[in-house]
Amino acid sequence: MSIKFLISQAKLIQEVIDIHASEIEKLDQEIGDGDHIFNVQRGIKLVIELEPTIKDLPISKALNLIAMKVLSGIGGSSGALFGTLFMSMAKGEGIDEGIDFKKAFKIFIDGVEAVKQRGKADVGEKTMMDVLIPVANCLQKGIEDNRDLNSILQAAVEKAEKGMLSTKDLIATKGRASFLGERAKGHIDPGARSSQLMIKTVCESLLREIGG
Amino acid sequence: MKKFINKTDDFLKESLQGFGAVHREIINVYFEPNFITRSKPTKKGKVALITGGGSGHEPMHGGYVGYGMLDAACPGFVFSAPTPDQMLAAVEKVDGGAGILFLVTNYSGDIMNFQMASEMLQSPNETVLINDDVAVENSSFTTGRRGVAATILIEKIVGSLAESGGSLEACKALGDKVNKYSGSMGVAFSSCTVPAAGKPTFELGADEMEFGVGIHGEPGRRRDKIKPAQQITEELLEAILEDLKLNKNEEVLLFINGLGGTPLTELYLLFDNAKQILDKKNINVSRSLVGNYCTSLEMQGASITLTKLDEDIIRHWDSPVHTAGMRWGM
């Protein structure tokens, strides 16, 4: 993993999110406060715009700058949560000496744990954690079982989709949707949808690269 | 969307520029990152009170920066939490060496961002978490209750203690106490429109009201047909009184807060109705406040807040204050 890789993924994510923008906006208007899609689009744009500033930096420094940019540039809960994710990833052990898949998975898994602590949300609360936690667990198990990269990535895509769909029947206990109680039932969580799209995009891009 | 607006991206900046120019004797406005401080530097040895939250609730919070109240406020975008870089920049300007007290309303975005600022900060700091809205039950949702209009009462009362030399611990304790002693609930007759969204946050029929609405247009307990003011007042007070469990002859502050689009004429009518109900219950309304203090853009509607009073709270409520949004005694 390199900075070039990070930026290329951000650009792919931008395309996918733009395609699904009105769908995500509609989900958020049903159960949130309607600003999620703007936050996500702003955040991705800010990361891409950082390219000239970070392209020659050690990856830990680059991730820290991304974290601060996302934190101040998105604002709200999304800014704090994604800022926490990148800040945690920046602290990954030995990442400046090169990142293989195992290390990349490890810093993502630790990042998800940090986000879980920050947002105090777990699986089953109708948030993006319903996508991120199962994906992190799936990567962890994949490493432990020594499975090949191809099958780990495919499993991660499936877990993300399953997690996203599971939010439909949940009652929210975290985030703005929690203010709706029962009324939020029957709607997919917009944060779960946007994070599932991001994970799918990155995993499928990697699968293409390794010829899976 | 009908609003006085040029470009969505300039909305907050232009509004803050106007605010800064009008009230330059009381406050200074800083940009990128955005924050507001008093025009006079914080006294050495004074606890600095810093708050922040999404814009769109004006005069909250910038309007409460000044003598006897806040030292600094960090405005986020409309209905979006401010970010740690704003809080850290504000701290740098107003840290008086006696510690920082963050006053934070109970929304996940606000909490996370203030928490990150607190973690990055070297100076001693404490946080008072405000959650006076009784509409959403604590027991049902772990996110807990929303922080609404009592925020400005807490800013005033704790601001007075900090001004008179109260320690960080004492200020935090008083803030927690006033929060515990306060209960609020609101009702909306119309939605509001966030500039970036461009359309109303929710739909409400011509004869409907949202009972227990939040200050961002979050749904409340239920949607009702519109009723006479007397009946709405009764239902709001019932919910608040059930939460506060007041004793007979207890002294309270009765605060009728407009959400932005309701005229003062109606707010005074609400006060009259509420006062009569409380008189009948032998609850002593000894302090009062009526006006648009904690708004929700152009939303039509109002909230009622009751705060239980004791000698300490009364003294700090009555003390002089000089801010853009609240001024008496000086």
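Now for a description of the structure that goes with this document. Just so it is clear, the model here is predicted, and its values are computed rather than measured. (Residues numbered from 1 in each chain as written. Chains lettered and ligands numbered in written order. Predicted model: local features only at pLDDT ≥ 70, side-chain atom pairs only at ≥ 80, totals over all residues.)

Thoughts on the nonpolar core
Part 1 of the reasoning: Formed by 147 residues in total, the largest nonpolar core has its most connected members in Phe 86 of chain A together with Ile 50 and Ala 72 of chain B.
Part 2 of the reasoning: Structurally, this core is a two-domain feature, drawing no fewer than three residues from each of domain 1 (10–181) and domain 2 (182–308) of chain B.
Part 3 of the reasoning: Beyond its immediate stretch of four places on either side in the chain, Ile 50 of chain B contacts Asp 71, Ala 72, Met 87, Ala 90, Val 91, Val 94, Ile 100 and Phe 102 of chain B.
Part 4 of the reasoning: Residues Phe 11, Phe 77, Val 78 and Phe 79 of chain B belong to the second largest nonpolar core, which totals 7 residues. (Core = buried A, V, L, I, M, F, W, Y, C linked by C-beta atoms within 7 Å. Buried ≥ 20, exposed ≤ 12 C-beta atoms within 10 Å, placed from the backbone. Domains from an automatic or database assignment. Contact = placed C-beta atoms within 7 Å.)

Here's the deal with helix 5 (residues 59–74) of chain A
Helical periodicity: at 3.6 residues per turn, an α-helix aligns residues three or four positions apart in one direction.
Residue and element names in this part refer to chain A.
Part 1 of the reasoning: End to end, helix 5 covers 22 Å across 16 residues, agreeing with the expected 22 Å (1.5 Å per residue, within 8%).
Part 2 of the reasoning: What helix 5 keeps buried is the set Ile 59, Ala 62, Leu 63, Ile 66, Ala 67, Lys 69, Val 70, Leu 71, Gly 73 and Ile 74.
Part 3 of the reasoning: One or two steps after helix 5, the chain reaches Gly 75, where phi turns positive at roughly 75°. (Helix = DSSP H or I, 4+ residues; strand = E, 2+ residues; numbered from the N terminus. Expected span 1.5 Å × (residues − 1).)

Some remarks on the packing of helix 1 (residues 3–19) of chain A against helix 3 (residues 36–49) of chain A
Residues and elements named next belong to chain A.
Part 1 of the reasoning: Between helix 1 and helix 3, the least distance of the axes is 9 Å, while the angle of their chain directions is 150°. One way to sum up the angle between helix 1 and helix 3 is to call them roughly antiparallel. Where helix 1 crosses over helix 3, the handedness of that crossing is left-handed. For the pair helix 1 and helix 3, the contacting residues are Ile 7, Ala 10, Lys 11, Ile 13, Gln 14 and Ile 17 in the first and Val 40, Gln 41, Ile 44, Val 47 and Ile 48 in the second. (Axes fitted to C-alpha atoms, helices over the stretch in contact; angles between N-to-C directions. Parallel < 35°, antiparallel > 145°, perpendicular 65-115°, else oblique. Left-handed = near helix turned anticlockwise from the far one by under 90°.)

Overview of the packing of helix 6 (residues 76–90) of chain A against helix 3 (residues 108–120) of chain B
Part 1 of the reasoning: Put simply, helix 6 of chain A and helix 3 of chain B touch, their axes get as near as 7 Å, and they point 40° apart. On the basis of their axis angle, the class for helix 6 of chain A and helix 3 of chain B is oblique. Here helix 6 of chain A runs over helix 3 of chain B; the crossing is left-handed. Each of Gly 76, Ser 77, Ala 80 and Leu 81 of chain A in helix 6 of chain A lies in contact with helix 3 of chain B, whose residues at this interface are Ser 108, Gly 109, Met 112, Asn 113 and Met 116 of chain B.
Part 2 of the reasoning: Here the residues of the contact of helix 6 of chain A with helix 3 of chain B are counted per class, giving 4 nonpolar, 5 polar and no charged. (Nonpolar A, V, L, I, M, F, W, Y, C, P; charged D, E, K, R; others polar.)

Side note on the sheet that holds strand 14 (residues 321–323) of chain B
Residues and elements named next belong to chain B.
Part 1 of the reasoning: The 3 strands are arranged 4-14-15 in an open sheet whose pairing can be described as antiparallel. Single-partner strands in this sheet number two, and they are strand 4 (66–67) and strand 15 (327–328).
Part 2 of the reasoning: Here strand 4 pairs with strand 14 via 2 bridges, running antiparallel. Directly across from Tyr 67, in strand 14, lies its bridge partner His 322. (Pairing = 2+ DSSP bridges.)

Re the environment of Phe 114 of chain B
All names here are of chain B.
Part 1 of the reasoning: As for its placement among the helices and strands, Phe 114 is situated in helix 3.
Part 2 of the reasoning: Assessed through the 28 C-beta atoms surrounding it within 10 Å, Phe 114 is described here as buried.
Part 3 of the reasoning: Separated by 100 residues in sequence, Phe 114 and Glu 14 have C-alpha atoms that sit 25 Å apart.
Part 4 of the reasoning: Contacts of Phe 114, omitting those with residues within four sequence positions, involve Met 87, Phe 102, Val 104 and Thr 127.

Structural notes on the environment of Gln 140 of chain A
Part 1 of the reasoning: Locating Gln 140 of chain A in the fold gives a position in helix 8 (residues 129–144).
Part 2 of the reasoning: Along the backbone, Gln 140 of chain A and Lys 102 of chain A are 38 residues apart, and their C-alpha atoms lie at a distance of 9.2 Å.

Here we look at the environment of Ser 184 of chain B
All names here are of chain B.
Part 1 of the reasoning: The topology assignment puts Ser 184 in strand 8 (residues 182–188).
Part 2 of the reasoning: The spatial distance from the C-alpha of Ser 184 to the C-alpha of Gly 165 is 29 Å, given a sequence separation of 19 residues.
Part 3 of the reasoning: Residue contacts for Ser 184: discarding those within four places in its chain leaves Asp 132, Asp 133, Val 134, Val 148, Ala 149, Ala 150, Ile 240, Ser 303, Ile 304 and Thr 305.

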